[in-house]
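# Coordinates in review
What follows is each chain in one-letter form.
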Amino acid sequence: MELDKLPKPEEMQIDLTPPESGWMDTPVNMRDGTYSYPAAAKNLKILDMPNPREWSVTADDWKLPQNWQEIILEGFKERLEKYRSFKLFMDICVRCGACADKCHFFIGSGDPKNMPVLRAELLRSVYRKNFSTLGRMLGRFSGSRELTLPVLKEWFYYFFQCTECRRCSVYCPYGIDTAEVTMIGRELLNLVGLNINWVIEPVANCFRTGNHLGIPPHGLIDMWEFMVDDIEDITGIKVDLPVNKKGAEILFVTPSGDYFADPGTYTCMGYLMLFHELGLDYTWSTYASEGGNFGLFTSHEMIKRLNAKIYAEAKRLGVKWIIGGECGHMWRVMHQYMETMNGPADFLEEPVSPITGTKFENSKQTKMVHITEFTSDLIRNGKLKLDPSRNDRFRVTYHDSCNPARAAGLMEEPRYVLRNVVNNFFEMPENSIREHTYCCGGGAGLGNDENLDMRMRGGFPRANAVRHVRDKHDVNRLICMCAIDRATLTALMHYWAPDVEVGGIHELLANALIMEGEHERKLDLRGEPFSGEEEDEDV
Amino acid sequence: MNAWFSVFTALVAVIALVLLAMLGVETIGLKSIFGVIIPYVAFVIFFVGVAYRIIGWAKVPVPFRIPTTGGQGKSLPWIKASYTDAPWTTLGVILRMALEVLLFRSLFRNTKAEVREGPRITYASAQWLWLAGILFHYSFLTIILRHARFFFENVPSFVEMLSSVDGFFQILVPTLFLSDLAFLAAVTYLFLRRVVLPQMRYISLPADYFPLFLIGGIGISGVLMRQVWKVDLLKVKELTMGWFTFHPVVPEGLGTIFYVHVFLVSCLLAYIPFSKIMHMGGVFLSPTRNLANVNRSERYVNPWNYPVKVHTYDEYEDEFREKMKEAGIPVDKE
């Protein structure tokens, strides 16, 4: 699907009023543009995942194993015994409805099963039928139902229509987190071979080549060298490119989206320039060349299988600690799962900035520091020469990526960096930033093109807030700290707010960074003239 | 399921319970069943059931530390972190839980989003649910505490004080308690929003209406017993004290309304362990709220962590060694 095939933004129909028929009696409608394509069999085979086959979402027969109900109910039971979160969240919801209009997919689609409460009820109804005595006895009066094929299809549709952004969990009086529900829902679907290719292919790629895009080591070198050349054109400086360097002090890991496509590449050039300017003893890795982790959108086990590379590579290279780049869900994994799954990393040292001497106390166990923590500390200690006026052409707003905000509490660091590298910074309305931030609509593996209609709907609340600051403050640059955002927000802005461009923090930082020995810089990292200079020439 | 069908079945169920009590006491005369045996059974189901549920939850491990950070986390010393919304100390977590349990902090964040022409989204503050929730829970608590006078030989002074504050305005005789008014108003609001708001009507199950009607029925029967068909409080106390000394005697002359009230309370108690009302215990165990955001600074162990199949560096290098050498990337094995 392409953007021009969608209705015009002003013709997008959104009605939040639920239909007449009750939710249990409304079958799922697999409308084109609102679901993702199934995982290719070859990718499941690489990962030893169950039931590899070719199948189609719109076909009646999903080619499930004969005993699929048994497999799912067995998996359900196992997870009720392994995750307190899951068991509690099946039990304690009072359906108060506070979460209903907090979900970007509900606000954008009006589909009532996108209310977090109903998304979870899709599982709860089966839970009551099979794991609760009263539920079994009272049948539909208790809101329970059999696990049938139509119910399973509903699961597939709606658990791949949730981006695990945790916004609803901020408002829930019991902290019920739909991300947990969706993660388990997807795990159950995976048990019978129901998954989407836009998740499983990156996972299979990452498993084998070290990154989601499947770029082999020599391909990475080409991409990085290309950036090094671009930087030389712009600044006159040939920056270092240390790769798989044993004995370096720091391993740097960032999402592979930053190597591959604009505008992520500009952020990646920003890292290269910053580290060069600092003279940092660091290294890139081709084996651990992915900060992101689409395992998070598959199963807990898959998170661990992919994440294991980070510490393994840190150990092999003998580094002291790790810096992680600008990525969203990556930081859910690095912050909340990595150390528990693959730690303790006792072969590493507690991170200390070699430039400022600052100890990163908050990372003393995982030994992994977020790039904006590292950079904001540099700026705070006056270690960077910055000329924010180079970014005067940009009127900037900042989109908090879901996971850094709601799973790690990283909200002030990126803003501190931004305020020091741009002169025109404007916040979006309060209920759309920080812990209230809205998803880009394409997280959790849903940023594919076949799902474009739902992406534009899911991203609508975010776009609505961007349009607000665009109209009020002439904002023309939407900054984010996430590789998925940089890809999906670009399409989202194209659709809803065409004159707003998307970029990363370290792109703007590198624009403003005055480097030792640079020639007179006229162009920003995108090869466009800095503000004012063009006019000067005109005069 | 049709929304009105949910309301209807729940209402019928509660009316049936009321009729059952009236029939049992007035027609068949089963006063000791309704006055003694059913309350005892209900208490046992309540205590055993609630304990069973909470122990059941507590026995399930929490494999990962997954707090929802509702504010700036603790990082560099000069960045102001949110002590209660992204806590990093035990005290911070306790305060966060206290705010959640006592003041419904998360619910207070509630906003209402509406999609208008354009399309564009507008937001409005929406604290009514929070207010109704606070009123409901605190008036319920006050009412329960006031009932303590039936369970102590000498009424504790705090109960006396609570009752006199509660009846401060001295409307009607006997005084109508403010908590009764607030309670009934809150229950009515919680019911009305479920049937009036289309989204709420859509998500509500009979299991949402049933406890509301049941609790409403308890409130109404209580007020009726106090204001209209007055019962002899001394006789009530005789019975309730009997329950506690395990020598229950059912006094003559207690009106049917009393048995209806006690029966509905018994039903509620017995229903709690099987129902969503267990949220009161569950909120304390919620991993997104009761864990500190110290994920990168303190170790957290998953009791069932198990080894998984990974793709090792050696396997990786074996596949790409020649290309790596060509590209000038250092390799482990030449």
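Residues numbered from 1 in each chain as written. Chains lettered and ligands numbered in written order. Predicted model: local features only at pLDDT ≥ 70, side-chain atom pairs only at ≥ 80, totals over all residues.

## Quick look at the overall build of chain A
Quick note on the threshold: Every helix listed is a DSSP run of H or I at least four residues long, and every strand listed is a run of E at least two residues long, numbered separately from the N terminus. We compute the radius of gyration from the C-alpha atoms alone; for a globule the expected value is 2.2 Å times N to the 0.38, where N is the number of residues. The exposure label follows from counting other C-beta atoms within 10 Å of a residue's C-beta, where the C-beta atoms are placed from the backbone and the thresholds are 20 or more for buried and 12 or fewer for exposed, leaving partly exposed in between. The contact criterion used here is simple: two residues whose C-beta atoms, placed from the backbone, lie within 7 Å are in contact.
Across its full length, chain A carries 23 helices and seven strands. For a compact globule of 539 residues, the expected C-alpha radius of gyration is about 24 Å, and chain A comes in at 24 Å, within 12% of that figure. Projected onto the principal axes, the alpha-carbon positions of chain A cover approximately 75 × 55 × 40 Å. Counting over 539 residues, chain A shows a buried share of 62%. Long-range contacts, defined here as pairs at least 24 residues apart, represent 76% of the contacts in chain A between residues at least 6 apart.

## Considerations on the overall build of chain B
A tally of regular secondary structure across chain B gives 13 helices and two strands. Of all intrachain contacts in chain B linking residues separated by at least 6 positions in sequence, the fraction that spans at least 24 positions is 63%.

## Notes on the environment of A:T298
Residue and element names in this part refer to chain A. With respect to the helices, strands and loops of the structure, T298 is situated in the loop between β2 (282-283) and α14 (300-317). Classification of T298 as buried rests on a count of 27 C-beta atoms within 10 Å. Residues T298 and L213, 85 residues apart in the sequence, show an inter-C-alpha distance of 17 Å. Not counting chain neighbours up to four residues away, the residues in contact with T298 comprise R186, N190, N195, V199, I200 and V203.

## Observations concerning the interface of chain A and chain B
Definition in use: Think of it as three bins: nonpolar holds Ala, Val, Leu, Ile, Met, Phe, Trp, Tyr, Cys and Pro, charged holds Asp, Glu, Lys and Arg, and polar takes everything else, Gly as well.
On the side of chain B, 83 residues touch chain A, which itself brings 96 residues to the contact. Broken down by element, the residue count for the side of chain A that touches chain B peaks at seven residues, all from α14(A). Tallied by class, residues from the side of chain A that touches chain B come to 43 nonpolar, 24 polar and 29 charged.

## Observations regarding the pairing of strand β5 (residues 396-399) of chain A
Consecutive side chains along a regular strand alternate between the two faces of the sheet. Residue and element names in this part refer to chain A. Keep this limit in mind: For two strands to pair, DSSP has to find at least two bridges joining them.
Residues V396 and Y398 line one face of β5 and the alternating positions T397 and H399 line the opposite face, and both faces are buried. Inspection of the sheet shows β5 paired to strand β6 (residues 477-480) by four bridges, in the parallel sense. Pairing of T397 across the sheet is with L478, part of β6.

## What about the sheet that holds strand β7 (residues 501-504) of chain A?
Residue and element names in this part refer to chain A. Note the cut-off: Fitted lines through C-alpha atoms give the axes, limited to the stretch in contact for helices. The angle between two N-to-C directions lies from 0 to 180 degrees.
On the basis of which strands lie adjacent, the open sheet formed by three strands has the order β5-β6-β7 and parallel pairing. Taken across any chain shown, the strands that pair with only one partner, and hence form the sheet edges, are β5 and β7. The average undirected angle you get between the axes of adjacent strands in this sheet is 35°.

## Describing the domain arrangement of chain A
Residue and element names in this part refer to chain A. Quick note on the threshold: All the domain ranges listed were derived from an automatic or database domain assignment.
When its domains are assigned, chain A resolves into domain 1 (3-30 + 50-194) and domain 2 (203-512). Placing the centre of domain 1 and that of domain 2 at their C-alpha centroids yields a distance of 31 Å. Between domain 1 and domain 2, the residue contacts involve 20 residues of the former and 27 residues of the latter. Among the secondary structure elements, those contributing two or more residues to the side of domain 1 that touches domain 2 are α4 (104-109), α8 (167-171) and α9 (178-191). Of the residues forming the side of domain 1 that touches domain 2, the biggest block, five residues, is contributed by α4. Across the side of domain 1 that touches domain 2, the residue classes break down as nine nonpolar, six polar and five charged.

## Details of unusual backbone geometry
The omega torsion of the bond from A:G343 to A:P344 falls at -5°, within 30 degrees of zero and hence cis. Note that the residue after B:G118, namely B:P119, is joined by a cis bond; omega there is -15°. Mapped onto the elements of the fold, B:P119 is located in the loop between β1 (111-116) and β2 (120-125). One non-glycine residue with positive phi stands out, namely A:N244, at about 50°. Turning to its location among the elements, A:N244 is positioned in the loop between α11 (217-235) and β1 (250-253). On the basis of neighbour count, A:N244 is assigned to the buried category, with 25 C-beta atoms found within 10 Å.

## A few points about the nonpolar core
In plain terms, the rule: Only buried Ala, Val, Leu, Ile, Met, Phe, Trp, Tyr and Cys residues enter a nonpolar core, and they are joined through C-beta atoms within 7 Å.
Judged by nonpolar contacts, the single largest core of 236 residues is most densely connected at A:V203, A:I322, A:L418, A:M493 and B:F263. Two domains each put at least three residues into this core: domain 1 (3-30 + 50-194) and domain 2 (203-512) of chain A. Among residues more than four places away in sequence, those in contact with A:L418 are A:V396, A:Y398, A:F425, A:I479, A:I505 and A:L508.

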